[in-house]
Amino acid sequence: MSQRLCSGGWWKSSCAGNSPLILVCPVLMFPQVVKVSMGSSPYFQLKCSSDVFRVVPPGASAPVRIRFSPGENKDYSHELICVTERERIVVPIRAIGARAILDFPAQLDFSKCPVKCSTQKTLLVCNVGTQAAHYQLSTQSSFSMSPAIGILDAGDTMQVTVGFHLLTTGDHCGSLAVCCSTGEENIHTNLRGDAVEINVGLSTNSVELEKTFITMSSHKTMFIENRSNITAHLQWKAFPTEEGEIEEKRRKFFIVSSKDCAIRCSLRVCTLGISPTSLVTPKPPSFVLEYKMASQVQPVLDRCSDFLVQGFEGPCLQF
């Protein structure tokens, strides 16, 4: 025997309602004898006599009505017990009270956005439920949102800002999860963005400097042309990709660390003849510490070169 329960949704605490339970008898060659019962409850009552056996013909169904009388706007639960000659089935009864419902869209598409730039979109979200929403928002990297947590009363509206920032070109997908503390299922909004290169280039592909004397300098001016409709932040680097710059930083850091190790070893050799308890590990030289800190924040650009680029970084306005 199988069972199907049709439960109600929202209700007022002063109202009562009836929900039908359909008992379906499987296709057998003989009828089924079924007894339906329910424990005592001030909120759920059977609309028929309890502990009464009834005969359900093969393939037929028998309706059982349950009266629900809530005392307040909250969740309720109970059980209905169906017993046959062959089995005992417990049917859970659930009545869901007030809930917060935030009407987030099913999908948010950023379309094409400039790479390494932040693009934002604002959502207008309303709580269409009957209870205040204590919400918490979360998403994956490349996407961000604000505010991440908060409270939105029933019927109120708020603005949620979703940001998209990708360091490499290409299509990227994510999800915005909305979790409420009142027991609702998490809401998921699909996020999508396509990071593309913007039309920014140099006025010339090569620069030829005029002849000059030793210890003196000559200058040449070129222009960075921003042909896009956004303000681009420029920064001169020695490598066209982030991976190449990281690799160069590692190589230089290894050279400096090797020099640091050699200095430590030489200082330890000088301490021969002194008792081991008086040995003190020397601190790394100041130039090692300075390079370690600078390599974390500065881009790789050989400042000791014979060429010097002025206008190292800054904004480049659109035309």
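Residues numbered from 1 in each chain as written. Predicted model: local features only at pLDDT ≥ 70, side-chain atom pairs only at ≥ 80, totals over all residues. Heavy atoms only, no water.

1. Considering the overall build of the protein
Okay, so step 1: When helices and strands are counted, the protein shows 2 helices and 20 strands.
Okay, so step 2: Counting across all 319 residues of the protein, residues that qualify as buried make up 28%.
Okay, so step 3: Long-range contacts, defined as pairs at least 24 residues apart, comprise 64% of the intrachain contacts of the protein with a sequence gap of at least 6.
Okay, so step 4: Summing over all exposed atoms, the protein offers an accessible surface of approximately 21,000 Å²; the carbon and sulfur share of this is 56%. (Helix = DSSP H or I, 4+ residues; strand = E, 2+ residues; numbered from the N terminus. Buried < 20%, exposed > 50% of the residue type's maximum accessible area, 1.4 Å probe, protein only. Contact = heavy atoms within 4.5 Å. Areas by Shrake-Rupley, 256 points an atom, 1.4 Å probe, with all protein chains shown as cover.)

2. Focus on the pattern of salt bridges
Okay, so step 1: Per the stated rule, a full pass over the model turns up 5 salt bridges.
Okay, so step 2: Measuring nitrogen to oxygen at the nearest pair gives 3.0 Å for the salt bridge that ties D109 to R192. Highlighted residues: D109 in strand 9 (residues 107-114) and R192 in strand 16 (residues 187-196), separated in sequence by 83 residues.
Okay, so step 3: The partly exposed category is assigned to D109, whose relative accessible area is 32%.
Okay, so step 4: The shortest N-O distance in the salt bridge between R251 and E248 comes to 2.6 Å. Remark: E248 and R251 occur in helix 1 (residues 242-269); sequence separation between them is 3 residues, near one turn of the helix.
Okay, so step 5: For R251, a relative accessible area of 43% corresponds to the partly exposed category. (Salt bridge = Lys/Arg side-chain N within 4 Å of Asp/Glu carboxyl O.)

3. Section: a nonpolar patch on the surface
Okay, so step 1: Residues L202, V207, L209 and M222 make up a contiguous nonpolar surface patch of about 290 Å² in total accessible area.
Okay, so step 2: Residue position: L202 is located in strand 17 (residues 200-202). (Patch = residues over 30% accessible without salt bridge, like charges linked within 9 Å, V, L, I, M, F, W, Y side chains within 5 Å.)

4. Concerning the pairing of strand 11 (residues 133-138)
Okay, so step 1: A one-sided burial pattern is seen for strand 11, the buried positions being A133, Y135 and L137 and the unburied ones H134, Q136 and S138.
Okay, so step 2: Relative to strand 13 (residues 149-152), strand 11 runs antiparallel, the two sharing 4 bridges. Its bridge partner lying in strand 13, H134 is registered against I151.
Okay, so step 3: Sheet topology note: the strand 11/strand 15 (residues 170-180) ladder contains 4 bridges and is antiparallel. Across the sheet, S138 pairs through a bridge with A177, a residue of strand 15. (Pairing = 2+ DSSP bridges.)

5. Here we look at the sheet that holds strand 8 (residues 88-95)
Okay, so step 1: Pairing is antiparallel across the open sheet formed by 4 strands, whose spatial order is 5-3-7-8. Where the open sheet ends on each side, the last strands, each with one partner, are strand 5 (52-56) and strand 8. Taken over all neighbouring pairs, the strand axes of this sheet differ in orientation by 30° on average, direction set aside.
Okay, so step 2: Both strand 7 (residues 76-83) and strand 8 contribute to a ladder of 8 bridges, which runs antiparallel. Residue pairing in the sheet places E79 in a bridge with P92 of strand 8. (Axes fitted to C-alpha atoms, helices over the stretch in contact; angles between N-to-C directions.)

6. Description of the environment of N229
Okay, so step 1: Take N229: it is sitting in the loop between strand 18 (224-226) and strand 19 (232-235).
Okay, so step 2: Put simply, N229 and N199 are 30 residues apart on the chain and 9.1 Å apart in space, counted from C-alpha to C-alpha.

7. Re the confidence of the model for the protein
Okay, so step 1: Predicted confidence across the protein gives a mean pLDDT of 75, with 71% of residues reaching 70 or more.
Okay, so step 2: The lowest-confidence element of the protein is strand 1 (residues 2-5), averaging 39 in pLDDT; the highest-confidence one is strand 14 (residues 157-164), averaging 95.
Okay, so step 3: Low pLDDT, under 50, characterises residues 1-15; the stretch is placed with 49 contacts to residues that sit more than four places away or in other chains.
Okay, so step 4: The low-confidence segment residues 274-281 (pLDDT under 50) makes 3 contacts with residues lying over four places distant or belonging to another chain. (pLDDT = per-residue confidence, 0-100.)

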